[in-house]
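Report on the structure
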Amino acid sequence: MSAEPNPPMARSKKRQPRDDEPRRPRGRRAPIVELNDVTKVYAGGHMALDRVSLAIGRGEFVFLVGPTGCGKSTLIKMLIRELATTEGTVKIAGRDIGALPEKKIPQLRRNIGTVFQDFKLLPDRTVYDNVAYALQVIGASRAEIREQVPQTLRLVGLSTKLHSYPDQLSGGEQQRVSIARAFVNHPPLLLADEPSGNLDPVTSIGVMQLLYRINKTGTTVLVVTHDREMVDNMQRRVVELYEGRVVRDEVSGGYTEESTTEFGLRMRAEMGVGHQGEGQSNGHGQDALI
Amino acid sequence: MSRLIFFLQEAIRALRRNAAPSLAAIITTVVTVVLLGVLIPIFQTAQAKSDQVRGELNFQVALYADATHAEIVSLEKELKAIPHVDSVELITKSQALKELKETLGADKSKELTSQLNENPLPASFKIIPDDAANLAGIRAAIIPTGPNGKPQPISSIIDKIFDRQDESSKIAQVTSALKIVLTVITVLLILASLMLVSNTIRLSIYTRRREVEVMRLVGATRWFIRWPFMIEGVVVGFTGGLVAILILWLGKITIVDPLSNTFSFLAAQNNSTLNFPAMIAILFAAAVLVSTIGSGVTLRRFLKV
Ligand SMILES: Nc1ncnc2c1ncn2[C@@H]1O[C@H](COP(=O)(O)OP(=O)(O)O)[C@@H](O)[C@H]1O
Ligand SMILES: [Mg+2]
């Protein structure tokens, strides 16, 4: 499995700036996620999102917060086109996904790892096979699967549960399988809908640490959470929704390399984990994680 | 190639993990195929029998004894020109007597000959219609009602029409009703089988609709999801069809074949209408097709995500 993003991501990567265009510094291409006045009205007439505009740059780590029912999951679902917008456009890597033909949707979803609020594991498959499925859909070879799946499961701390079925796992373990599946093919964008929603504080820190490490490999991460303390501690960009509207978008609470490192150290200290992975986090080192 | 192996593995996994619905689908297929395999030959035989009976229905047009050869030839032409007349056959006086003697048997015909000094039977035309239902129409065409309201035969050499009219029209009615009933039952049976099999498949897929949605959400293409289900359908149809054919074949050699030596009704089905291997092949192909297409079609609904 190559860590290189597949289309449609690749397309915007190849795009050459025209001469009359101001040249952007490297790495400052079209935002990976861009919502323009996105409105979602459900069949019953309930307006779940109300003219939401939002841009997330590559490599960012963004929290999406807000009370239950404010539209967080709805927003996540729009990003993988599980739902269509009622109005407005959603762009992923510069491409309007609302205009994406039916046939291209699987391709879009393969480039976005999603941790679903309800995990969405396949009940008939073991932990190993659930994670492997994400590689099978992209046509990875058996050798690649045999290599990647155990590595990713080790990363989420599930090495001993490879052959368990989802109904034999705790909520937290299922959540981590869901994370492993979302990340096993190293997508450029990772969405996590309340990944620590039903976890105890310790496990929840573990999950956040995991997402943090994933972000360090260059993956853009958008995390929906209720955990106020976590959000405050991590000092990352926070987007807050209230009744379907963006009411707060703090681009950075002191988002610097320093604070990232500090945060990382604190996380490791808390989890009692050593210094593995540090120093390889250059935003492109997709291999650093594994 | 490795894709094919993957899809096969997926199908087998699904069959194993969903043993109960898979088994239900297979049993449904077995029952339906066996039912069709027993009833279709029976219906075919009944149809053939009734066709045979209808084919034998006819009537005769008796001619006056003084009819000349020229008159007879020209009447034959006229009769043949009547719509729905399949064949016209001249039975001369001597032929009629000969037939009568044959029906009576040697003893009685000797007695008959001794009593008669002259052949009392008229020459006649035997009219066979293309279908028993047209008997009455042809009869009316040969002896239409004249302007004075009395029957007026189309030729002056026609004496009368004789047959077992009541009986033949009754047979014609009963057999055509039978034909319709059998056709309707066969069609209903086939429809019911199709619905039964596809419904069982739908049920087994329905329990897995969430799974299909999840597959879609992690980036599986429609065909990537569909192939294992289709292969599952093939396996179900194949297994069910095979078991059913085994049962039918055993039934044929242990029950039908020995009995057909005794009952001509059963024998008829072996040599004339029913081609056992052909029916088996068709039923088998149908079982596989229906369950495969059934899987594919049912899946469509859940692939919309
Ligand atoms: N499929 C649906 N049909 C109708 N209303 C829905 C549907 N899904 C969510 N909603 C409503 O939309 C609002 C936002 O839901 P959601 O995005 O799930 O909120 P949350 O921020 O808790 O994830 C809620 O009021 C919810 O009741
Ligand atoms: Mg939610």
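Criteria and cut-off values
- All residue numbers here refer to positions counted from 1 along the written sequence of the relevant chain.
- Whichever chain is written first becomes A and whichever ligand is written first becomes 1, with later ones labelled in order.
- Given that this is a predicted model, residues contribute local features only at a pLDDT of at least 70 and side-chain atom pairs are listed and counted only at 80 or more, while totals for whole chains, interfaces and linings are drawn from all residues.
- Only hydrogens and water are set aside when side-chain values are computed; all heavy atoms of the structure are taken into account.
- To get an axis, fit a line to the C-alpha atoms, keeping to the stretch in contact for a helix; angles then go from 0 to 180 degrees between the N-to-C directions.
- Each helix corresponds to a stretch of at least 4 residues labelled H or I by DSSP, and each strand to a stretch of at least 2 residues labelled E; elements are numbered beginning at the N terminus.
- Comment on the angle field: the value is read as roughly parallel under 35 degrees, roughly antiparallel over 145, roughly perpendicular from 65 to 115, and oblique elsewhere.
- Should any heavy atoms of two residues lie within 4.5 Å, those residues are considered in contact.
- Polar here means any residue outside two lists: the nonpolar Ala, Val, Leu, Ile, Met, Phe, Trp, Tyr, Cys and Pro, and the charged Asp, Glu, Lys and Arg; Gly therefore counts as polar.
- The span you would expect from a helix comes to 1.5 Å times its residue count less one.
- Accessible area is worked out with a 1.4 Å probe on protein chains only. A residue is then buried under 20% of its type maximum, exposed over 50%, and partly exposed in between.
- Summary of the distance rule: residues count as near a molecule or strand when at least one heavy atom falls within 4 Å of that molecule or strand.
- Think of a polar contact as two N or O atoms within 3.5 Å of one another; within protein, one of them needs to be a possible hydrogen donor and the other a possible acceptor, and neighboring residues in sequence only count if both atoms come from side chains.
- We get accessible surface area from the Shrake-Rupley algorithm with a probe of 1.4 Å; when it comes to residues, only the shown protein chains can shield them.
- Pairing of aromatic side chains here covers Phe, Tyr and the six-membered ring of Trp, requires ring centres within 6.5 Å, and sorts the geometry by plane angle: under 30 degrees stacked, over 60 edge-to-face, intermediate tilted.
- Lysine NZ or arginine CZ positioned within 6 Å of the ring centre and within 35 degrees of the ring normal marks a charge as sitting over the ring.

Attention shifts here to the packing of helix α6 (residues 171-183) of chain A against helix α7 (residues 201-216) of chain A. Residues and elements named next belong to chain A. Relative orientation of the contacting elements α6 and α7 amounts to 5°, with a least axis distance of 12 Å. One element, α6, and the other, α7, form an angle in the roughly parallel class. Of the residues in α7, those in contact with Arg176, Ile179 and Phe183 of α6 are Thr203, Val207, Leu210 and Ile214. Class assignment of the residues belonging to the contact of α6 with α7 gives a composition of five nonpolar, one polar and one charged.

The terminal C-alpha atoms of α6 of chain A lie 18 Å apart, and with 13 residues this matches the ideal 18 Å at 1.5 Å per residue to within 8%. The buried fraction of α6 of chain A amounts to eleven of the 13 residues, a majority that puts the element mostly inside the structure. Where α6 of chain A is concerned, the buried positions are Gly172, Glu173, Gln174, Gln175, Val177, Ser178, Ile179, Ala180, Arg181, Ala182 and Phe183 of chain A. On the buried face of α6 of chain A, the contacting elements are β6 (112-115), α4 (127-136), α5 (142-155), β7 (189-193) and α7 of chain A together with α8 (209-217) of chain B.

Residues and elements named next belong to chain A. Contacts to ligand 1 come from Tyr42, His46, Ala48, Thr68, Gly69, Cys70, Gly71, Lys72, Ser73 and Thr74. Tyrosine 42 places a polar side-chain atom, nitrogen or oxygen, 3.4 Å from a nitrogen atom of ligand 1. Serine 73 has a polar side-chain atom sitting 2.7 Å from an oxygen atom of ligand 1. When isolated, ligand 1 has an accessible area of 550 Å², and the protein chains bury 62% of it. Looking at the shell around ligand 1, the element that brings in the most residues is helix α2 (residues 72-79), giving three residues. Classifying every residue of the shell around ligand 1 gives three nonpolar, six polar and one charged.

The next subject is the packing of aromatic side chains. Between two aromatic rings, the relevant description is the distance of the centres plus the angle of the planes. Residue and element names in this part refer to chain B. Applying the stated criterion to the full structure yields seven aromatic pairs over all chains. Between phenylalanine 7 and phenylalanine 224, the aromatic rings sit 5.5 Å apart at their centres with planes inclined by 70°, giving edge-to-face as the arrangement. Note that phenylalanine 7 is positioned in helix α1 (residues 2-17) and phenylalanine 224 in helix α9 (residues 222-260), a separation of 217 residues in sequence. The class of phenylalanine 224 is buried, set by a relative accessible area of 3%. It is arginine 139 that lies over the ring of phenylalanine 59; its NZ or CZ is 5.2 Å from the centre.

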